[in-house]
Amino acid sequence: MDIVSTSGEHPPPSRQPAATRLGDRVFLGLSRGSGILLLVIMAAIAVFLTVRAIHAISLDHSNFFTTYEWNASLNPPSFGIAVLAYGTLVSSLIAMLIAVPISVGIALFITHYAPRRLASPLAYLVDLLAAVPSIVYGLWGGLYLVPHLQGLNLWLNDYLSWTGVFHKSDPNSAARSLFTVGILLAIMIVPIITNVTREVFRQVPKAHEEAALALGATRWEVVRMSVLPFARSGIISASMLGLGRALGETMAVATVLSASPVLTQRLLDPVGGTFAQNIAAKFAEADNFGRDALIASGLVLFVITLLVNGAARLIIARRREYSGAAL
Amino acid sequence: MKLTRKTGLRSLAVGAIAVSSALVLTACGSDNNSGSSSPSGGASNAAASIKCGSKANLLASGSTAQKNAMDVWVKNYMQACSGTQINYKPTGSGAGVTEFLQGSTAFAGSDSALKPEEITKSKAVCKGGEGVDLPMVGGPIAVGYNLPGVDNLVLDAPTLAKIFDSKIKTWDDPAIKKLNPNAKLPSTSIQAFHRSDESGTTDNFTKYLKGAAPSDWSYSGGKAWQAQGGQSAPQSSGVAAQVKQTNGAIGYFELSYATASNIPTVKIDTGASAPVAATSDAASKAIADAKIVGTGSDLALKLNYATKAEGAYPITLVTYEIACDKGNKPDTLDATKAFLNYVASDDGQKGLSSQGYAPLPAEIATKVRSTISSLS
């Protein structure tokens, strides 16, 4: 009784003495400052992109959102993001379709299946992949992956060309397509997704798993009933982290993709482009106006990333009841 | 506790191995790209004839096409004139011109002459004067192909235009057969490669197609590739690599890349008595056929792409150094003039052909030198 009445009369005791001590005030200031700094940086990026972009878009001679070509150095300039937006989303989607199941599988294997002596080296190995610079992936992709995917491409073209998606216009052309880029991006984001997912799987309360085991569940049922539901929001967050890298990947895409302003559903054709690849390709020779135009495309990528992240947040929020992370 | 520390150490070690092996890998990669086009020739006896300017720190940037020539010139000049530092950054023509117009460099290297609005802007940097184009490095753009069993392929401008516009799709097309009656042309499909990045090479190559085959090339031209179809790769090295490894491929790049990778190049049927191969000499002859279109001390050139001069290779690129005619910065003026004078001198130009560039023809070189002497 006594405790209840005191806590009702006074402000929470933990707060007042904390604010008066010097160390606490300094720490409060520092952490608040960091938070504000982040907001300021984000706002500065957004303002910078917007101001430069509006200038460029206002001088664009064709529709910025529906034009395929990127000819900012022409007079009058004519450029658009249709192909870039399509290529960025499609290659990232392919990457996610491949990488997420594999990553979850690796993480599950490391945390729940592999013997201890195998698990930790395997975990290091995966982390190692994340340390490889993207230009190395690009070189490997261009020199090794592209020639070696030709067989898979021909097979897909032979048996699945009726889908339209896997029809290859010229079977002889090299596999420097959005499909190959998607596979390469998948390899690049697997370590990121695996790493985060693995940590989330480790957080699953032992009690949940033991309870499931006690009810007679097999190992797979334990994973399905206690591990995956608990980790769902974590898996989504991990996937978003990977998606962020896939959306913004530059050098690997620029090395592998045969970029050209063609928008097609045929994923095996060596055409297309992505935002980051286009910026890398056009930046060096661009004049001031050309750079503003590229910045405008960067702004669109920024917005797409925000939207995708927002969508992920929504999904996590709706799934919160399953997740231990909400507690 | 002990366990975690140990694993931490181990992961550090593994990480270190990863990083160092990655570094080794990237080193290999960049080695590969610049490859054998690295500067070598022309370095030996040039030093004797260099007239040094006053000591200064010269900053310049721009065209990547000039890079290999610049590397040799800068090395020779700095050897002869100790105390002068020259730093040429191959950032690309666009970036080079931008930096020059901001006043942060002494001169710029560019694949294309200044545009009228850029000349207007240059008046802010050049007090009392304006930016001028000095032609300095020329070079043939080779059209390389990969067609085992076919040597000495001959093409003309309309056929090239149709190939790169995806109108001619196989190697045994009648138009190609007509130009190569004795060659055994396969029915392989043509894989035409262009640059995915914006570049002066593309600009000059498409200017040639438009100038020599206007009815077959309907695009306006520019640094970005505009035709539909075909495949692309970044940088000349990327296009050359693709042509090298793809059966039935054709692509365009500076001659040095063809020599470095042993890629056979197309001879151009210009209407002269014999088809012309891409060589430095043949490019110099084409530059000699060019007209000066710059006004005042500006020496911007307009190439005659439809040239029928004997032995002149029409797909040629001229790159410029850009400086102020009046109002150069006083502390770097003397060194800039001395360096550019050396570059335009016979000694400076002589070493170029071993690297796949074309020396300026004598008449134009003389004009360039007299303009350089008048810079102030």
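The structure presented is a predicted model; accordingly, all values stated were derived computationally and were not measured.

With 33 residues of chain A in contact, the opposing surface of chain B contributes 36 residues. Among the elements that take part in the side of chain A that touches chain B, helix 5 (residues 116–131) of chain A stands out by supplying four residues, more than any other. Broken down by class, the residue content of the side of chain A that touches chain B amounts to 18 nonpolar, ten polar and five charged.

Residue and element names in this part refer to chain A. Averaged over every residue, the pLDDT of chain A is 86; the share at 70 or more is 91%. Mean pLDDT across the elements of chain A bottoms out in helix 1 (residues 2–9) (44) and peaks in helix 4 (residues 82–113) (94). In this model residues 1–9 is a low-confidence stretch, pLDDT under 50, and it forms zero contacts with partners more than four residues away in sequence or in other chains. Every residue in residues 323–327 is under pLDDT 50, and counting partners more than four places away or in other chains gives eight contacts.

Right, let's talk about the pairing of strand 6 (residues 191–195) of chain B for a bit. Residue and element names in this part refer to chain B. With respect to burial, strand 6 is a largely interior element, five of its five residues being buried. Where strand 6 lies against strand 8 (residues 249–254), three bridges are found, and the strand directions are parallel. Considered in strand 8, the bridge of Ala192 is made with Ile250. Regarding the hand of the β-α-β motif, the stretch spanning strand 6, helix 7 (residues 200–212) and strand 7 (residues 231–233) is right-handed.

The subject of this paragraph is the pairing of strand 2 (residues 85–89) of chain B. For a regular strand, side-chain orientation follows a simple rule: the groups alternate between the two sheet faces. Residue and element names in this part refer to chain B. Of the two faces of strand 2, only one is covered, namely that formed by Ile86 and Tyr88; the face formed by Gln85, Asn87 and Lys89 stays uncovered. Of the strand pairs in this sheet, strand 1 (residues 57–62) and strand 2 are connected by five bridges, and their pairing is parallel. Each residue of the ladder has a partner; that of Leu59, found in strand 2, is Asn87. In this fold, strand 1 hands off to helix 2 (residues 67–80), which returns the chain to strand 2; that crossover is right-handed.

Once that is clear, we can look at the UniProt feature "domain: PBP" (unreviewed entry) in chain B. In the UniProt entry, the feature "domain: PBP" (unreviewed entry) is given for residues 56–346 of chain B. Taken as a whole, residues 56–346 of chain B contains 35% helix and 21% strand, while its terminal C-alpha atoms sit 24 Å from one another.

As a further point, take the environment of Gly273 of chain A. Residues and elements named next belong to chain A. Within the secondary structure, Gly273 is located in the loop between helix 11 (251–256) and helix 12 (275–283). Spatially, the C-alpha atom of Gly273 lies 41 Å from that of Arg32, the residues being 241 residues apart in sequence. Excluding residues that lie within four positions of it along the chain, Gly273 makes contacts with Val83, Leu84, Gly87, Leu257, Ala259, Pro261 and Asn278.

In this section: the environment of Tyr68 of chain A. Residue and element names in this part refer to chain A. For Tyr68, the position within the fold is in the loop between helix 3 (22–59) and strand 1 (70–71). For Tyr68, a count of 18 C-beta atoms within 10 Å translates into the label partly exposed. Considering only alpha carbons, one finds Tyr68 and Ala46, 22 residues apart in sequence, at a separation of 25 Å. When near neighbours in sequence (up to four residues on either side) are disregarded, Tyr68 contacts Gly80, Ala82, Val83, Pro261 and Leu263.

Our focus in this paragraph is the UniProt feature "domain: ABC transmembrane type-1" (unreviewed entry) in chain A. Listed under "domain: ABC transmembrane type-1" (unreviewed entry) in the UniProt record, and renumbered for this structure, are residues 85–312 of chain A. In residues 85–312 of chain A, the share of helix is 77% and the share of strand is 0%. The end C-alpha atoms are 19 Å apart.

We now examine the sheet that holds strand 3 (residues 107–110) of chain B. Residue and element names in this part refer to chain B. Strand order in the open sheet formed by eight strands is 2-1-3-12-4-8-6-7, and the pairing between neighbours is mixed. At either end of the open sheet lies a strand with only one pairing partner, and these are strand 2 and strand 7. The mean angle between the axes of side-by-side strands here comes to 25°, regardless of whether they run parallel or antiparallel. Pairing analysis gives five bridges linking strand 4 (residues 131–145) to strand 8, with the strands arranged antiparallel. Bridge pairing in strand 8 places Tyr145 opposite Ile250. Contacting strand 1, strand 3 and strand 12 (316–324), helix 3 (residues 93–101) crosses the sheet at an angle of about 160° to strand 3. Strands in contact with helix 8 (residues 235–245) are strand 4, strand 6, strand 7 and strand 8; relative to strand 8, the strand with the most contacts, it is inclined by about 150°.

Where interface size is given, it is often the accessible area lost as the parts come together that is meant. Looking at the assigned domains, one finds that chain B contains domain 1 (12–137 + 320–374) and domain 2 (141–283). Listed as interface residues are 15 residues of domain 1 of chain B and, on the opposing side, twelve residues of domain 2 of chain B.

Residues and elements named next belong to chain A. Viewed as axis vectors pointing N to C, helix 9 (residues 206–214) and helix 10 (residues 219–248) meet at an angle of 155°, and their least axial separation amounts to 9 Å. Between helix 9 and helix 10, the crossing angle belongs to the class labelled roughly antiparallel. In this structure, helix 9 meets helix 10 at a crossing whose hand is right-handed. Every residue of helix 10 that contacts helix 9 at His208, Glu209, Ala212 and Leu213 is listed here: Glu221, Val222, Met225, Ser226, Val227 and Phe230. A per-class count over the contact of helix 9 with helix 10 returns six nonpolar, two polar and two charged.

What counts and what doesn't
- Residues numbered from 1 in each chain as written.
- Chains lettered and ligands numbered in written order.
- Predicted model: local features only at pLDDT ≥ 70, side-chain atom pairs only at ≥ 80, totals over all residues.
- Contact = placed C-beta atoms within 7 Å.
- Helix = DSSP H or I, 4+ residues; strand = E, 2+ residues; numbered from the N terminus.
- Nonpolar A, V, L, I, M, F, W, Y, C, P; charged D, E, K, R; others polar.
- pLDDT = per-residue confidence, 0-100.
- Buried ≥ 20, exposed ≤ 12 C-beta atoms within 10 Å, placed from the backbone.
- Pairing = 2+ DSSP bridges.
- Right-handed = clockwise from strand over helix to strand, strands pointing away.
- UniProt positions renumbered as here; feature names shortened; annotations may be inferred.
- Axes fitted to C-alpha atoms, helices over the stretch in contact; angles between N-to-C directions.
- Domains from an automatic or database assignment.
- Parallel < 35°, antiparallel > 145°, perpendicular 65-115°, else oblique.
- Left-handed = near helix turned anticlockwise from the far one by under 90°.

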